Amino acid sequence: MAPFVFTLSSGGGLKKIHRRLEVASSYDFEVTGGDIIDGIILDTFDNEIRRSGRCLLQISQTLLLINILNGEIVEQRCSNWSFLSELEKGPVAGSLKGVSRLRAFIPVSGIKIRRDRVLVLDDEGKTRVRIHWFSFFRKKKSLRLGITQPLRGYEHAHTELRKLLVEMHAEPCTRTTDIYSGLGVNSRNYSAKPDIRLVPEDAIKNSATAIICAYLDVAVQNEAGIMADYDTEFLHDYRVSFRKIRSVLSLFKGVYSAEQTEDLKREFADLMKQTNRLRDLDVYLLDRDDYFQLIPETSHEGLKIMFDVISKRRKEEYKKVCKIICRKNYRHLIQGWSELFASTDNMKIGPDALKSSNCYLARSITRRYRKVCKIARTIDHTTADEVVHELRIHCKKLRYLMEFASPLFSKKKVKTLIKSLKVLQDNLGKFNDYSVQQVSLGMFMSEQSMSRKKGMKVAESIGALTAMLYQLQCRERNFVMENFSHFDSEKTRGSFAEIFRVKDC
Amino acid sequence: MKIIACYSNKGGVGKTATSVNLAYASAMSGKKTLLCDLDPQGASGFYFRVKPSRKLKKQAFFKDVDCFIGAIRESDFDNLDLLPANMSYRDFDIFLSRMKNSRSRLKKALKAVGNEYDVIILDCPPNISLLSENIFRVADKIIVPVIPTTLSERTLEQLYEFFGDKKYQRKKLLPFFSMVQRTKKLHKGTIVKLRKKYRNFLDKSIPFSTDIEKMGVHRAPVLTYARSRPAAKAYEDVWNAIQHKIKL
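If you're wondering where the values come from, they're calculated on a predicted model, not measured in any experiment.

Another point: the overall build of chain A. Of the regular secondary structure elements, chain A holds 16 helices and 10 strands. Overall size of chain A, expressed as C-alpha extent along the three principal axes, is 85 × 70 × 50 Å. Of all 505 residues assigned to chain A, the portion counted as buried reaches 50%. When contacts within chain A are restricted to residue pairs at least 6 apart in sequence, those whose partners lie at least 24 apart make up 71%. Carbon and sulfur atoms make up 51% of the accessible area of chain A, which amounts to about 25600 Å² in all. Taken together, the 84 basic and 63 acidic charged side chains of chain A have centroids lying 2 Å from each other.

Laid out in structure tokens, this is it:
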């Protein structure tokens with residue numbers, strides 16, 4: 001039997017509610033009351049907790065996780081933590097398994113909480129139902145959340161209690177937003193992949209502008225998080241948004257005038273360049289443990305010195321990026337883009353601007369898919385690395401085109417195709433990462449001056465690491481052909497033809 | 001899932017108190033535990049304030065698995081459920097003997113709930129009957145509370161003989177001393193003698209204690225109201241020793 005999760009706004013105080021329930025039933029209500037204490041609602045920036053129908057509260061050194069969907073309540077002690085990986089093992093950490101380990105938990109709102117536990121007892125003093133009451137207070141608003149806990153073998157008592165509560169106007173609570181809105185908490189609605197509404201027959205210039213506008217908004221939403229340095233995903237999402245905007249400008253050829261397209265591409269590229277270094281350093285630090293695992297312990301000392309340097313460099317780069325975001329000319333640049341992309345009329349259009357969106361994108365995708373296949377089919381064990389890199393770039397372009405087009409075609413089918421492409425892309429991505437890492441490790445020594453002794457240790461570690469990365473790169477390369485053969489299957493080709501076939505184009 | 005039967009062919013040896021406290025200790029150690037009160041005279045249910053089941057009629061018990069499962073009651077403690085006794089079990093043996101394949105019924109019923117529980121503790125009636133024989137077959141271990149007196153010595157001997165005659169696995173029997181009074185010479189002497197004779201005696205024992213007698217007043221396991229007292233500690237030790245023996 002499922003617990004009853006409800007909110008109760010009328011009925012007076014808890015004492016009054018229990019007295020009424022006692023009169024209406026044959027049970028006694030034993031209450032263990034709590035005090036009103038300060039707490040914080042926590043969530044990741046992209047609301048993973050709220051979206052999964054849960055509410056995470058930190059009350060002093062205790063974490064409390066309430067699942068609105070199934071009534072499960074878990075809690076555990078905690079000390080200073082921001083990331084799931086920093087949380088000690090416990091019931092809350094266990095329940096949060098699956099939530100991004102890269103995302104920091106940040107405050108949504110401060111609230112006051114009172115918690116009361118109630119035992120519904122029969123004439124033998126045996127508990128038949130438990131009730132957990134949470135009274136939340138925020139500014140002048142308050143909300144009472146109740147969760148019943150049925151006991152096996154006493155389902156009848158639970159049904160009876162639920163009926164009485166409904167008669168007292170208890171409202172079933174099914175979403176975390178019911179709690180947020182009841183307390184006047186503004187819930188963020190951030191998504192790195194915004195839901196963009198496109199119309200198939202609409203001119204492609206309108207679709208392109210709508211996509212750019214949406215991603216510009218995503219980038220702006222990440223600025224505060226980058227400055228606060230909560231986690232590395234803010235910068236990552238920020239950069240992906242700009243990369244997508246640049247992809248629209250370069251892949252949607254003939255939609256805007258060539259001159260304006262070039263100007264915009266240059267402006268966006270200039271801005272992106274300024275965050276490249278910080279992202280690279282972030283990736284290094286995120287992969288820190290993996291690097292240590294790659295080489296023997298005897299070489300760890302040099303790696304430790306290297307990562308100390310990287311951490312220092314990261315601090316400097318972070319300051320630089322913050323300065324850029326704070327600058328007046330950056331604000332003007334963003335403001336200018338926002339105004340420019342607010343309406344298609346502001347843009348100088350190109351020869352294909354008025355083509356219907358679905359026709360334009362279907363053609364672009366089909367062409368790009370053919371190109372990917374053409375390159376991939378030439379790849380064997382003797383092909384130069386440059387060709388594999390070229391394939392990676394074309395796959396990325398194809399992926400973006402498919403993502404942009406998905407609102408215009410069968411979303412589900414496009415998603416399945418993207419999934420099959422993703423396997424190949426992950427493979428190519430790793431191949432590229434290993435190759436880039438080898439180059440940048442080589443540059444590390446020349447960029448950094450250090451004592452002879454330290455330098456020797458670092459050089460030894462970098463040498464060992466580079467050898468391992470080379471091996472890994474070779475391994476990934478061997479997978480490319482195998483992964484491509486799946487992507488080039490008759491079924492995938494058929495799916496492309498079926499999904500992106502548009503009549504009267 | 002492990003099935004542990006708490007059995008003695010002699011009454012008044014602290015069998016129900018043992019079942020109740022071990023079940024509680026098992027649940028507290030994080031094991032999902034079911035305590036089956038199979039003794040109509042026993043009071044496992046009483047100690048957990050659970051009323052005897054009206055639903056569980058003898059015709060249905062073990063025969064209708066759904067009915068068996070439906071009679072399970074959640075206790076007031078985490079991880080601990082109870083199958084309350086029913087007075088009609090009194091004729092249960094006769095009922096079982098009439099049924100075909102009756103020996104497999106208990107196994108079938110326990111199997112049905114087995115996936116839900118890590119440990120099933122059976123509080124058994126104090127006699128050798130068809131039900132007890134069923135229990136001897138299905139249980140992984142049979143813990144036997146023994147008061148260190150001459151009479152108890154005799155009953156334990158009878159139990160071992162019975163196991164021998166019926167070719168049941170004697171190694172399943174795990175006797176331990178219950179209601180031990182260290183001040184009594186007889187108790188001390190019997191303990192030494194029996195430990196020598198039966199090698200698999202648990203080295204932990206339960207003392208005679210007023211804290212255990214107060215269970216009827218508190219209607220709860222000793223571990224809940226006298227947690228730091230020797231009796232509570234003894235039950236915890238016995239449970240740990242059993243866990244070790246059955247590799248839980």
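Before going further, it helps to spend a moment on helix α7 (residues 233-251) of chain A. For α7(A), spanning 19 residues, the distance from its first C-alpha to its last is 26 Å, which sits close to the expected 27 Å at 1.5 Å a residue. Most of α7(A) sits out of view: 15 of its 19 residues are buried.

This brings us to the interface of chain B and chain A. At the junction of the two partners, chain B supplies 15 residues and chain A supplies 13 residues. Taken together, both faces of the contact between chain B and chain A bury some 1200 Å²; the carbon and sulfur share is 33%. Linking chain B to chain A there are five salt bridges. Scanning the region where chain B abuts chain A turns up 11 residue pairs in polar contact (both at pLDDT 80 or more). Residues belonging to the side of chain B that touches chain A are distributed by class as follows: six nonpolar, one polar and eight charged.

For the rest of this paragraph, the subject is the packing of helix α10 (residues 300-326) of chain A against helix α14 (residues 411-447) of chain A. Residue and element names in this part refer to chain A. Orientation of α10 relative to α14, taken along the N-to-C sense of each, is 80°, at an axis distance of 12 Å. As the angle between them shows, α10 and α14 are arranged roughly perpendicular. Counted together, Met306, Val309, Ile310 and Arg313 of α10 and Leu441, Phe444 and Glu447 of α14 form the full contact between these two elements. Here the residues of the contact of α10 with α14 are counted per class, giving five nonpolar, no polar and two charged.

Another point: the side chain of A:Gln76. Residues and elements named next belong to chain A. For Gln76, the position within the fold is in strand β6 (residues 73-77). Here Glu88 takes part through its backbone oxygen, which lies 2.9 Å from a polar atom of the side chain of Gln76. Excluding its chain neighbours within four sequence positions, the residues that come into contact with Gln76 are Gln61, Thr62, Leu63, Leu87, Glu88, Lys89, Gly90, Pro91, Val92 and Ala93.

Here the focus is the pattern of salt bridges. Scanning the entire structure with this criterion turns up 42 salt bridges over all chains. As a salt-bridge pair, A:Lys126 and B:Asp76 come within 2.6 Å of each other at their nearest N and O atoms. Of this pair, A:Lys126 sits in the loop between β7 (106-121) and β8 (127-138) while B:Asp76 is found in the loop between β3 (73-74) and β4 (80-83), placing the two residues in two different chains. The buried category is assigned to A:Lys126, whose relative accessible area is 0%.

Formed by 80 residues in total, the largest nonpolar core has its most connected members in A:Phe242, A:Phe252, A:Met402, A:Phe409 and A:Phe500. Not counting residues up to four positions away in its chain, the partners in contact with A:Phe252 are A:Ile204, A:Ala208, A:Ile211, A:Ser247, A:Tyr360, A:Leu361, A:Leu401 and A:Phe404. Membership of the second largest hydrophobic core comes to 38 residues, among which are B:Val20, B:Leu80, B:Phe176 and B:Ala226.

You can read the domains of chain A as domain 1 (5-182), domain 2 (201-355) and domain 3 (356-505). Here domain 1 of chain A and domain 3 of chain A have C-alpha centroids that lie 46 Å from each other.

So, on to unusual backbone geometry. Notably, A:Lys139 is not glycine yet its phi reads approximately 50°, a positive angle. Topologically, A:Lys139 is positioned in the loop between β8 and β9 (141-150). A positive phi angle is found at B:Asn79, which is not glycine, with a value near 70°. Turning to its location among the elements, B:Asn79 is positioned in the loop between β3 and β4.

The next thing to look at is helix α12 (residues 230-245) of chain B. Residues and elements named next belong to chain B. With 16 residues, α12 should reach 22 Å at 1.5 Å per residue; the first-to-last C-alpha distance of 22 Å fits that figure. Those residues of α12 lying buried are Ala231, Ala232, Ala234, Tyr235, Val238, Trp239, Ala241, Ile242 and Gln243. Residues of α12 that are buried sit in contact with β1 (2-6), α1 (15-28), β5 (119-123), β6 (141-146), α9 (210-213) and α11 (222-225). One or two steps after α12, the chain reaches Lys247, where phi turns positive at roughly 55°.

Thresholds, definitions, all that
- Each chain has its residues counted from 1, following the order in which its sequence is written.
- Note on labels: chains are lettered from A, ligands numbered from 1, in written order.
- Given that the model is predicted, a residue must reach a pLDDT of at least 70 before its local features are reported, and side-chain atom pairs must reach 80 or more before they are shown or counted; all residues, however, enter totals for whole chains, interfaces and linings.
- With hydrogens and water excluded, all non-hydrogen atoms of the structure serve as input to the side-chain values.
- Counting from the N terminus, the helices are DSSP H or I runs at least four residues long and the strands are E runs at least two residues long.
- Relative accessible area decides the class of each residue, using a 1.4 Å probe on protein chains only: under 20% of the type maximum gives buried, over 50% gives exposed, and in between gives partly exposed.
- Contacts were defined at the residue level, with two residues in contact if any of their heavy atoms lie within 4.5 Å.
- Surface exposure here means Shrake-Rupley accessible area, sampled with a 1.4 Å probe, where a residue is shielded only by the protein chains that are shown.
- Charged residues are defined narrowly, with Lys and Arg counted positive, Asp and Glu counted negative, and His plus the chain ends left uncounted.
- For the purpose of locating charges, the reference atoms are NZ of Lys, CZ of Arg, CG of Asp and CD of Glu.
- The span one expects for a helix is its residue count, reduced by one, times 1.5 Å.
- As a working definition, buried area equals the accessible area (1.4 Å probe) given up by two parts on being put together, with both sides summed.
- Only one rule defines a salt bridge in this text: a Lys or Arg side-chain nitrogen within 4 Å of an Asp or Glu carboxyl oxygen.
- Contacts described as polar in this section are N or O atom pairs within 3.5 Å, which, within protein, must combine one atom able to donate a hydrogen with one able to accept it, while residues neighboring in sequence count only if both atoms come from side chains.
- We call Asp, Glu, Lys and Arg charged. Ala, Val, Leu, Ile, Met, Phe, Trp, Tyr, Cys and Pro are nonpolar, and the rest, Gly among them, are polar.
- Orientation is described by lines fitted to C-alpha atoms, with helices fitted over the stretch in contact, and by angles between N-to-C directions that extend from 0 to 180 degrees.
- Comment on the angle field: the value is read as roughly parallel under 35 degrees, roughly antiparallel over 145, roughly perpendicular from 65 to 115, and oblique elsewhere.
- The criterion is simple. A nonpolar core is a set of buried Ala, Val, Leu, Ile, Met, Phe, Trp, Tyr and Cys residues joined through side-chain atoms within 4.5 Å.
- Note that the domain bounds reflect an automated or database-derived domain assignment.

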